[in-house]
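Chain by chain, the residues:
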Amino acid sequence: MDERNGCFRIATSDEIGNNLYILDSQLNKISEITGFAENEQIQAVKYIGDMAYVITYEQTDPLFVIDLSDVQNPEIKGSVEITGFSSQLVSVDENTLLGIGYDDIFGIKLALFDISNPSSPTVLDSYTMPEAYSNAQRNHKAIVINKDKNYFAIDYSQYADEGTETGGLIFEIKDKKINILNKHSITPTGYDDAERVTYIGDTIYILDSIGSIYAFNQ
């Protein structure tokens, strides 16, 4: 949900499909788009100005671009599909959207979308970490954005035959690509996964689930 210029915008899923409603300040309905992406469910929504970006999912991940500039007549301008689905959407700049979510349910997937043309959004790049999960997939507070150093950071835990690797994934968006800068792995004292990543200056700090703190020079 979101508010802009006295209008309340809310996206919902039901047994038929997905919907986006625009209401006035008294919560009277002004307009609606209903039933798009039938048999799928909304996984993420990002409002940027007069545009809404909606991710739904069943087998593939469609990103719908919806123009809300005419509150009486909202319009789906375009869409693009990618495997897996994004559960978080982050604005990189006015033309680029970063999706953080899942690849085939169990795996981390980063997807980079070009939204410069609302009628024809495209997938610029993607990165997959199989057999892995992150708190950032379900909690936007676990996504670190360092605007001064131009990088993003999320926690990760990845399963392998020799055990679980856990730590922080540091990456940048440059030249329309997702570039992995570092994977800082930690060695917890028990079965404790990385929970959060943060930074002070050039130092990356990773916190695990029992409160231990690990420092890395970034």
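Each chain carries its own residue numbering, running from 1 in the written order of its sequence. Thresholds applied to this predicted model are a pLDDT of at least 70 for local features of residues and 80 or more for the giving and counting of side-chain atom pairs; totals over whole chains, interfaces and linings are not thresholded and use all residues. By convention in this description, side-chain values take in all heavy atoms of the structure and omit both hydrogens and water.

Caption draft 1: Local environment of the pairing of strand β19 (residues 203–208). Of the two faces of β19, the one holding Ile204, Ile206 and Asp208 is buried and the one holding Thr203, Tyr205 and Leu207 is not buried anywhere. Pairing between strands requires that DSSP locate at least two bridges from one strand to the other. A run of DSSP states H or I qualifies as a helix once it reaches four residues; a run of E qualifies as a strand once it reaches two. Both are numbered from the N-terminal end. Pairing of strand β18 (residues 194–200) with β19 involves six bridges; the strand directions are antiparallel. By the bridge assignment for β19, Thr198 is matched with Tyr205. Between β18 and β19, which follow one another and run antiparallel, lie two residues, and Gly201 among them has a positive phi close to 60 degrees. Direction of pairing for β19 relative to strand β20 (residues 213–217): antiparallel, over a ladder of five bridges. Within the sheet, the bridge partner assigned to Ile206 lies in β20 and is Tyr214. Counting the residues in the hairpin turn of β19 and β20 gives four residues, including Gly211, whose phi is positive at 95 degrees. Think of it in three bands: residues with accessible area under 20% of the maximum for their type are buried, residues over 50% are exposed, and the middle band is partly exposed, with areas taken using a 1.4 Å probe on protein chains only.

Caption draft 2: Up close: the sheet that holds strand β2 (residues 7–13). With antiparallel pairing, the four strands of this open sheet are ordered in space as β1-β2-β3-β4. The open sheet has two edge strands with one neighbour each: β1 (2–4) and β4 (29–36). Direction aside, the axes of adjacent strands within the sheet are offset by 15 degrees on average. Pairing of β2 with strand β3 (residues 18–23), which is carried by six bridges, proceeds in the antiparallel orientation. Of the residues in β3, the one forming a bridge with Ser13 is Asn18. Angles run from 0 to 180 degrees between N-to-C directions of axes, and those axes are lines fitted to C-alpha atoms, restricted for helices to the stretch in contact.

Caption draft 3: Summary view of the packing of aromatic side chains. Classification of ring pairs uses Phe, Tyr and Trp, with its six-membered ring standing for Trp, and accepts pairs whose centres are within 6.5 Å; under 30 degrees between planes counts as stacked, over 60 as edge-to-face, and the remaining range as tilted. Taken as a whole, this structure holds seven aromatic pairs when the rule is applied. Counting every residue linked through ring pairs, the aromatic cluster contains Tyr57, Phe85 and Tyr102.

Caption draft 4: Looking closely at the pairing of strand β9 (residues 85–93). Bridge count for β9 against strand β10 (residues 96–102) is seven bridges, and the pairing is antiparallel. Of the residues in β10, the one forming a bridge with Val90 is Leu98.

Caption draft 5: Fine view of the pattern of salt bridges. A carboxyl oxygen of Asp or Glu within 4 Å of a side-chain nitrogen of Lys or Arg is what we treat as a salt bridge. Applying the stated criterion across every chain yields a total of seven salt bridges. Among the ionic pairs, Glu165 bridges to Lys183, the shortest N-O distance being 3.5 Å. Taken together, the residues span a long stretch of sequence, with Glu165 in strand β16 (residues 163–174) and Lys183 in strand β17 (residues 177–186) at a distance of 18 residues. You can call Glu165 partly exposed: its relative accessible area is 33%.

Caption draft 6: Quick peek at the side chain of Gln88. On the secondary structure map, Gln88 appears in strand β9. Not counting residues within four places of it along the chain, the set of residues in contact with Gln88 comprises Ala44, Leu98, Gly99, Ile100, Ala136, Gln137, Arg138, Asn139, His140 and Ile143. The contact definition used throughout considers only heavy atoms, calling two residues in contact when any of these lie within 4.5 Å.

Caption draft 7: Region of interest: the sheet that holds strand β12 (residues 122–130). The strand order across the open sheet built from four strands is β9-β10-β11-β12, with neighbouring strands paired in antiparallel fashion. Of all the strands in the sheet, just β9 and β12 have a single pairing partner and so form its edges. The average undirected angle you get between the axes of adjacent strands in this sheet is 20 degrees. Of the pairings in the sheet, the one linking β10 to strand β11 (residues 107–114) comprises seven bridges and is antiparallel in character.

Caption draft 8: Region of interest: the nonpolar core. For the purposes of this section, nonpolar cores are sets of buried Ala, Val, Leu, Ile, Met, Phe, Trp, Tyr and Cys residues that join through side-chain atoms within 4.5 Å. Formed by 17 residues in total, the largest nonpolar core has its most connected members in Leu98, Ile100, Leu110, Ile154, Leu169 and Phe171. Mapped onto this core, the elements with two or more residues apiece are β10, β11, β15 (151–160) and β16. Setting aside residues no more than four positions away along its own chain, Leu110 makes contact with Leu98, Gly99, Ile100, Asp125, Ser126, Tyr127, Ile154, Leu169, Phe171 and Ile178. Of all hydrophobic cores here, the second largest spans 16 residues; its members include Met51, Val65, Ala111 and Ile115.

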